[in-house]
Amino acid sequence: MKDLALTRRTLLAGASATSLLSLLPGPALAAGGAGVLNVIAFPEPPTLFIGLDQNGSTQTVAGKIYESLLTYDFDFTPRPSLAKSWEISPDGRTYTFKLQENAKWHDGKPFTADDVVFTTKEFLMEVHPRARVIFENCETIEALDPHTVRFALKKPFAPFLMAFEMSTAPMIPAHLYKGTNYRTNPNNAKPIGTGPFKLAEWQKGSFIRLVRNPDYHGEGEPHLDEMYFHILPDAGSRALALEQGRVQQTQFQDLEPFDVQRLASLPNIQLITKGYEFYAPVARIEFNTRVKPFDDKRFRQAVNYALDRKAILDTIFFSQGRVATGPLNSKTRFYDADVTRYAFDLEKAKALLDDMGLKPGANGVRTQVKFLRLPWGESWARFAEYVKQSLAKVGIAVEIESADPAGWTSRYANWDFQMTSNYPYQFGDPALGVARFFVSSNIRKGVAYSNNTGYTNPRVDELFAAGASALSDAERQKAYSEVQKILTDEVPMAWLVEVDFPTLIDKRFTDTVVSAIGVNETYRRARKVG
Amino acid sequence: MNSNLWRLLKDPGAAIGIALLVAVVVVAALAPVLYPQDPWSMAGRPFLPPFTDPQFPLGTDMMGRDIAAGLAYGARVSLIVGIVSTACAIVLGVTLGGIAGYYGGLADDALMRVTEFFQTIPTFIFALVMVAILSPSILSIILAIGIVSWPPVARLVRAEFASLRGREFVQAAIALGESDRHIILRQILPNTLSPVLVMGSLMVASAILTEAAISFLGLGDPNMMSWGYMIGASRTVIRQAWWMSFFPGLVIVLVVLMINLVGEGLNDVLNPRLARKGRA
C-alpha cells in the first residue's frame, strides 16, 4: 500500500509539472484493481447534477449516479429501473407505476413515490424544457402509497412511456430539493442519486472517480468497484489513451472517425455501434423557407438531387452510418422507407432549376446562396466545403459563412440563415424528437431546435397531432408514414446521413452497452471478465 | 538605384531569396492556368500519398483535394494578405508617425499615446478578436493585420522625422518658405524610405505568419484556400497522413525565410553604416 501511495503522490506531483501526466493521474493506482473501468469524459461536464444539465458528457457520468423509472431495450421496449412494474389503462390515460421497495438515495434516505411526484410535478416542470412538454399532458400526478405512483393524462399521449429515460426524467431527491431554489441548491455540487455508483472525488480538469454504491437496489449489483472518467481535451491524446490501455472505453465523438477505424482493429478492442438508438441523429441541411430561393420547393428538391449522400457518408463520416432517406432515422420507431428518394442526379437538379427560370449566367452561375456552417469540429467544416463543391456543379454558388458556437446558435434561433447543417437527437419517438422541427405551433423565434425552417403545412400539423394521441401503434404508423411522404416531397430540409456513433471498449468488459441509451446507462450489470 | 539592386543581388542570401520569391509569385499568378479546377474540388482519391500518382505529385487530402493546387492557390492568399496588409500598415504608420515627428508638441503627444495604446495589446490576440468580430473573410483579415502592425512603423518614422526636421536642408527649406506639405513629402519623406522599406519587407513575412495562424485556428476566409487552413484542417490526421500538413508548413517556412533574407539584404544595401559586417 505504501508503494501505491508513493506512486500516486509522485504522479500527482509530476502532474502539476507536465500537462501530459496531469491528464491521467488516476489509472496508475487504478490499474491494479479488479473491477475498475476507465472511461473518457469529453468535454468535461460543467456539473454532475443531471437535473440542470443534460449535455452529452454529463449524461455519460451522471447516468451512473441518477436513474429514472424505466430504461429501454435497443428496440425501445421499456424495462424496469426504479419502477419494477407498470400498468396502462385501456383508454391510454392512466399510467400506474410500482416502485422498487429497497431503493435508497446515496445519503441513506429511502426512495419513495413522493420523490417521483416532486420530480415530475414540480422540479422538471420548472427547469427541464424537454420534460415539461411531456409532463404538461398530465392532469394529476399522485402517490397512491409510498411505492405506487399514478399519472392521469388529459388526453392520450402515446409516447408517454418514453418519458422515463434517465436524462428526460431523472429522479431528484425531494428531501434535499423541495422548497429550495433548484439552481443555487448547495447539493448540486454533491450529486445524490439512487444509481449503482456514487461520486467519490472530482479533480477538475483531470478526472472524476465514482465508487460502487453498496446499498444499490439491484441484487448483487453493481459488479465494478470503481469508474474513472478522464478529462482529455485533445483528440490525439484520447486516441493514444485508448491505444495504450490507459482508458478502456471511448464513445460518441471522442475519437476522430479515421482513428476509430484504426483503433477498432486492435486485438483487444471491440467496436459497438448499438446503444445510440435513443439519440439516432440524422445529419441534415435545414433550409430557411422564408427566404428566396429556398421558399420554392423545386429549389430545395434540386439541392437534394445535387448532393451525393453516399460520397458524404464515405468521405465526411468515413462510412460510419447509413444514407438517410427522410426525417426519421431508420433505427427509430415508425420509420417508413417508402418515401420520395433523392438519388444523386445532377441532370434532375439542373432541370428543376431551369424550370424555376434560374438559367446559368456567363460563368455558369445560376444563383448565389449562403451556407452557415456548423461550428462543431472539422467534420462539419469539411461537410460545408463538400456542399459548396457539389452545388457549384449545378450552378449554385455557395458562400460559406462561419460563426462560433454562440453566434451559430443565435443566428439559427433567430432565423438569420439561408441554409445550415445540424444533427439533433430523436429521443426514440417522432412525437418527442421529430415533430418539434416541423409543426407550425413550434415556430418560435429565438428558440434553437424549434421549427427554425419556418415550414408550415396544416396537414403535417394534423398528422403529427394524430400520431401523438393515437392509441395503437398501427394508427400511429399510419399517421407517421403519411407525414414522412409529405415531408420528403416538400423537403424543408435535406436529410443526408444517419450518423452512427462508435463505442470502442476493451474486450475484457461485458454487459456495458445493454440499452438504447448505451454508454449513458447505469452500468449496473457491467463486469470485467478475465 | 540600379547599383543598389546589383549590390543586393551580389548578396547570396538575398539572391536566393529573390529567386524563390519570384518563383512563388509566378506560381501564384499562374495558379488558375496550372490548376484550372479550383483547389476545393475533390479531384482524386482521398488520402493519396505524395509521389505515387503523377497527377497529384504532392498527394491529396482527406477529401481528395490536390495538395499542390492548394499550395498554389494558398500562395495567392498569403501574398495578397502579406502585401496588402503591410501596405495598409505602412500608409497608416508613415502618416501618423510623420505628423507626430514633424509637428511635435501636442500632436506628437496625442498620436504617440494612441500608438502606445495599440502597442500594449498583444498583436495576435487583437487580430484574432477583430477577425472574429468582423466575421472571417480575406478583407477582415487584411484589415486586422494592418491595424495591429502599424505602431512600430509609426514610431520609426516619427524618430526619423524628428531627427531630420532639425537638419540644415530642412531648415533651409523652411527659411525659403516652402509649405509644410512640400517639406514633408519632398524633403523628409524620401530620406526616411530606406528604413521603412526594410521594415516593410520583414512585416510582410510576419503578416504571412499571422494569416497562417489565424487560418490554422479556423478563422480564415472559409471560401479561400490558404496554407494555414491546410495545416489546421489536417492537423488531426497527422499520424495517418503527414504530407497534408507537412507541405504547406514547409512552404510557409521557406517563404518567410526567403523574405527575411531579402529584408536583411536590403538592410545591408540601404543602410551601409549599419551593415552586418560593420556590427561584427
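Residues numbered from 1 in each chain as written. Chains lettered and ligands numbered in written order. Predicted model: local features only at pLDDT ≥ 70, side-chain atom pairs only at ≥ 80, totals over all residues. Heavy atoms only, no water.

## Concerning the overall build of chain A
At step 1: Counting its regular elements, chain A contains 17 helices and 21 strands.
At step 2: For 530 residues, the compact-globule estimate of 2.2 N^0.38 gives 24 Å, and chain A sits close to it at 24 Å.
At step 3: Principal-axis analysis of the C-alpha atoms places the extent of chain A at approximately 80 × 60 × 40 Å.
At step 4: Expressed as a percentage of the 530 residues in chain A, the buried residues total 58%.
At step 5: A sequence separation of at least 24 residues applies to 70% of the contacts in chain A between residues at least 6 apart.
At step 6: Split by element, the accessible area of chain A, about 20200 Å² in all, is 53% carbon and sulfur.
At step 7: Distance between charge centres in chain A, computed from 62 positive and 61 negative side chains, equals 2 Å. (Helix = DSSP H or I, 4+ residues; strand = E, 2+ residues; numbered from the N terminus. Rg over C-alpha atoms; globule rule 2.2 N^0.38 Å. Buried < 20%, exposed > 50% of the residue type's maximum accessible area, 1.4 Å probe, protein only. Contact = heavy atoms within 4.5 Å. Areas by Shrake-Rupley, 256 points an atom, 1.4 Å probe, with all protein chains shown as cover. Lys, Arg positive; Asp, Glu negative; His and termini not counted. Charge placed at Lys NZ, Arg CZ, Asp CG, Glu CD.)

## Quick notes on the nonpolar core
At step 1: Counting 143 residues, the largest nonpolar core has L69(A), F135(A) and F151(A) as the members making the most contacts within it.
At step 2: Setting aside residues no more than four positions away along its own chain, F151(A) makes contact with R93(A), T94(A), Y95(A), F97(A), V116(A), T120(A), F135(A), C138(A), T140(A), I141(A), F160(A) and F164(A).
At step 3: Counting residues in hydrophobic clusters, the runner-up holds 35 residues, among them I231(B), V237(B), F247(B) and I252(B). (Core = buried A, V, L, I, M, F, W, Y, C linked by side-chain atoms within 4.5 Å.)

## Digging into the confidence of the model for chain A
At step 1: For chain A, per-residue confidence averages 90 on the pLDDT scale, and residues scoring 70 or more make up 94% of the total.
At step 2: Low pLDDT, under 50, characterises residues 1-33 of chain A; the stretch is placed with 31 contacts to residues that sit more than four places away or in other chains. (pLDDT = per-residue confidence, 0-100.)

## What to know about the sheet that holds strand β16 (residues 396-401) of chain A
All names here are of chain A.
At step 1: With mixed pairing, six strands are arranged side by side in an open sheet as β14-β18-β13-β17-β15-β16. Of all the strands in the sheet, the pair left with one neighbour each is β14 (321-323) and β16. Taking each pair of neighbouring strands and ignoring which way they run, the sheet shows an average axis angle of 25°.
At step 2: Bridge analysis of strand β15 (residues 367-372) against strand β17 (residues 419-422) gives two bridges, and the strand direction is parallel. (Pairing = 2+ DSSP bridges. Axes fitted to C-alpha atoms, helices over the stretch in contact; angles between N-to-C directions.)

## Some details on the pattern of salt bridges
At step 1: Counted according to the given criterion, the structure contains 37 salt bridges over all chains.
At step 2: E139(A) is paired through a salt bridge with R93(A); the nearest N and O atoms lie 4.0 Å apart. Within this pair, whereas E139(A) is found in strand β6 (residues 138-145), its partner R93(A) is found in the loop between β4 (83-88) and β5 (94-99), the two being separated by 46 residues in sequence.
At step 3: The shortest N-O distance in the salt bridge between K331(A) and D500(A) comes to 3.5 Å. In this pair, K331(A) is assigned in the loop between β14 and α12 (346-356) and D500(A) in the loop between β18 (493-499) and β19 (503-506), connecting sequence segments 169 residues apart.
At step 4: Judged by its relative accessible area of 29%, K331(A) falls in the partly exposed class.
At step 5: Given the relative accessible area of 14%, D500(A) is considered buried.
At step 6: If you follow the salt bridges from partner to partner, you end up with E243(A), D259(A), R262(A) and R239(B) in one network. (Salt bridge = Lys/Arg side-chain N within 4 Å of Asp/Glu carboxyl O.)

## With respect to the interface of chain A and chain B
At step 1: Taken together, the 20 residues of chain A in the interface contact 21 residues of chain B.
At step 2: Taking both partners together, chain A and chain B bury about 1700 Å²; carbon and sulfur atoms supply 53% of that area.
At step 3: Broken down residue by residue, the surface that chain A buries against chain B is led by F258(A), E385(A) and Q389(A), which jointly contribute 31%.
At step 4: Taken together, the connections running from chain A to chain B amount to two salt bridges.
At step 5: For E385(A), the salt bridge identified is with R65(B), shortest N-O distance 2.6 Å. (Buried area = accessible area lost by both parts, 1.4 Å probe.)

## Some thoughts on the environment of A29(B)
Residue and element names in this part refer to chain B.
At step 1: Tracing the sequence through the fold places A29 in helix α2 (residues 12-34).
At step 2: Residue classification places A29 among the exposed positions, given a relative accessible area of 51%.
At step 3: For A29 and R181, which are 152 residues apart along the polypeptide, the C-alpha to C-alpha distance reads 38 Å.

## Overview of the packing of helix α16 (residues 458-469) of chain A against helix α17 (residues 473-490) of chain A
Pairs of packed helices are described in terms of their axes, by the angle between the two and the distance that separates them.
Residue and element names in this part refer to chain A.
At step 1: Relative orientation of the contacting elements α16 and α17 amounts to 155°, with a least axis distance of 8 Å. One way to sum up the angle between α16 and α17 is to call them roughly antiparallel. Pair α16 / α17 crosses with left-handed handedness. In contact with R459, V460, L463, F464, A466, G467 and A468 of α16, α17 contributes R476, A479, Y480, E482, V483, I486 and L487.
At step 2: The residue makeup of the contact of α16 with α17, split by class, is 10 nonpolar, one polar and three charged. (Parallel < 35°, antiparallel > 145°, perpendicular 65-115°, else oblique. Left-handed = near helix turned anticlockwise from the far one by under 90°. Nonpolar A, V, L, I, M, F, W, Y, C, P; charged D, E, K, R; others polar.)

## Focus on unusual backbone geometry
Residues and elements named next belong to chain A.
At step 1: Across the junction of F42 and P43, the peptide omega takes the value -10°, indicating a cis bond.
At step 2: Cis geometry is adopted by the peptide bond preceding P293, which originates at K292 and carries an omega value of -5°.
At step 3: Structurally, P293 can be placed in the loop between β13 (282-287) and α10 (297-306).
At step 4: Despite not being glycine, S319 has its phi angle at roughly 65°, a positive value.
At step 5: With respect to the helices and strands, S319 occurs in the loop between α11 (309-315) and β14.

## Points about the side chain of S68(A)
All names here are of chain A.
At step 1: Note on placement: S68 falls in the loop between α4 (56-62) and β2 (70-72).
At step 2: Within the structure, the side chain of S68 is placed 3.1 Å from the backbone oxygen of F164, a separation counted as a polar contact.
At step 3: Discounting chain neighbours no more than four positions away, the residues touching S68 are S81, L82, F164, E165, M166, A169 and M171. (Polar contact = N/O pair within 3.5 Å; in protein donor to acceptor, adjacent residues only side chain to side chain.)

## A short note on the packing of aromatic side chains
All names here are of chain A.
At step 1: Applying the stated criterion across every chain yields a total of 55 aromatic pairs over all chains.
At step 2: Summarising the aromatic geometry, the rings of W380 and F383 are spaced 5.5 Å apart at their centres and angled 70° between planes, so their arrangement reads as edge-to-face. Of this pair, W380 and F383 both sit in helix α13 (residues 378-392), three residues apart, which is roughly one turn of that helix.
At step 3: Geometrically, the ring pair formed by Y425 and F427 is edge-to-face, given 6.3 Å between the ring centres and 85° between the ring planes.
At step 4: Accessibility expressed as a relative area gives 25% for Y425, which makes it partly exposed.
At step 5: Grouped by ring-pair contacts, the aromatic residues F317, F371, W376, W380, F383, W408, Y412, F417, Y423 and Y449 constitute a single cluster.
At step 6: Cation over ring: R130 sits above F427, and NZ or CZ is 3.8 Å from the ring centre.
At step 7: The cationic tip of R238 hangs over the ring face of F42; the distance from NZ or CZ to the ring centre is 3.6 Å. (Phe/Tyr/Trp six-rings, centres within 6.5 Å; stacked < 30°, edge-to-face > 60°. Lys NZ or Arg CZ within 6 Å of the ring centre and 35° of its normal.)

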